[in-house]
Structure formats: C-alpha cells, structure tokens
Amino acid sequence: PFIMKFLAGGASGGLGSVVGNPFDILKTKMMASEGAGIGLVPTVRSIWTNQGFMGFLKGIDANVARAVVNNGTKMACYDQSKM
C-alpha cells in the first residue's frame, strides 16, 4: 500500500539525514572559513570544544523533516506510478 511505501521512504530519508548532518555541518564550517585554511581536524575540535556533541546536530530537526517528506513522497509516488 501507498502508506507503507511512504513510511519506508520517509524512514530511510530521516536516517540518512541523521547520519549525514554532522558531515554537512563540517562542510559548511570549512567552506565558511575557506580563506583561513582551517582543516578538518581543527574544525571538528572547534565545534566539539565550543558547542559539544550537539554542535554537530544543529539544524537536524528541519533536515530530518524535509528528508522524511521528500523521500517518502518520492518513493511512494514512484512505486505507485510503476504499477
């Protein structure tokens, strides 16, 4: 049924967003300080020192909500259209 496909897609999108969010935070911080030449390890250390573990999860609620709706809709609609 459509709802099961939506839930499966939403769960996978949400999980992917949770796993990928810390890397997105690192990428954004490194791009913002591009001229300073700050590398990966100093960026991780800076986030950990100043904000703790939660610093790697900033904005995760909006990212997970977006990913659940987006991937759930894509998967459910794609599977329905194949029939």
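Details of the structure are given in the entry above.
Residues numbered from 1 in each chain as written. Predicted model: local features only at pLDDT ≥ 70, side-chain atom pairs only at ≥ 80, totals over all residues. Heavy atoms only, no water.

1. With respect to the overall build of the protein
At step 1: What the protein contains, in helices and strands, is three helices and zero strands.
At step 2: Its helices and strands in sequence order give the protein the pattern α-α-α, from N to C terminus.
At step 3: Computed over its C-alpha atoms, the radius of gyration of the protein comes to 17 Å, more than 25% above the 12 Å expected for a compact globule of 83 residues.
At step 4: For the protein, the spread of C-alpha atoms along the three principal axes comes to 55 × 25 × 15 Å.
At step 5: The 83 residues of the protein split such that 23% are buried.
At step 6: Counting contacts in the protein only where the partners sit at least 6 residues apart, residues at least 24 apart contribute 71% of the total.
At step 7: Carbon and sulfur atoms form 70% of the exposed surface of the protein, whose accessible area is close to 5,700 Å².
At step 8: Of the side chains in the protein, 8 bear a positive and 4 a negative charge, and the two mean positions are spaced by 2 Å. (Helix = DSSP H or I, 4+ residues; strand = E, 2+ residues; numbered from the N terminus. Rg over C-alpha atoms; globule rule 2.2 N^0.38 Å. Buried < 20%, exposed > 50% of the residue type's maximum accessible area, 1.4 Å probe, protein only. Contact = heavy atoms within 4.5 Å. Areas by Shrake-Rupley, 256 points an atom, 1.4 Å probe, with all protein chains shown as cover. Lys, Arg positive; Asp, Glu negative; His and termini not counted. Charge placed at Lys NZ, Arg CZ, Asp CG, Glu CD.)

2. Digging into helix 3 (residues 60–82)
At step 1: Spanning 23 residues, helix 3 covers 32 Å between terminal C-alpha atoms, matching the ideal 33 Å at 1.5 Å per step.
At step 2: Here helix 3 has its buried residues at Ile-60, Ala-67, Gly-72 and Ala-76.
At step 3: Tucked inside the fold, the buried residues of helix 3 contact helix 1 (2–32). (Expected span 1.5 Å × (residues − 1).)

3. Points about the pattern of salt bridges
At step 1: A complete count under the given rule lists one salt bridge for this structure.
At step 2: Between Asp-24 and Lys-27 there is a salt bridge, and its shortest N-O distance comes to 3.4 Å. Taken as a pair, Asp-24 and Lys-27 lie in helix 1 at a separation of three residues, close to a single helical turn.
At step 3: For Lys-27, a relative accessible area of 44% puts it in the partly exposed group. (Salt bridge = Lys/Arg side-chain N within 4 Å of Asp/Glu carboxyl O.)

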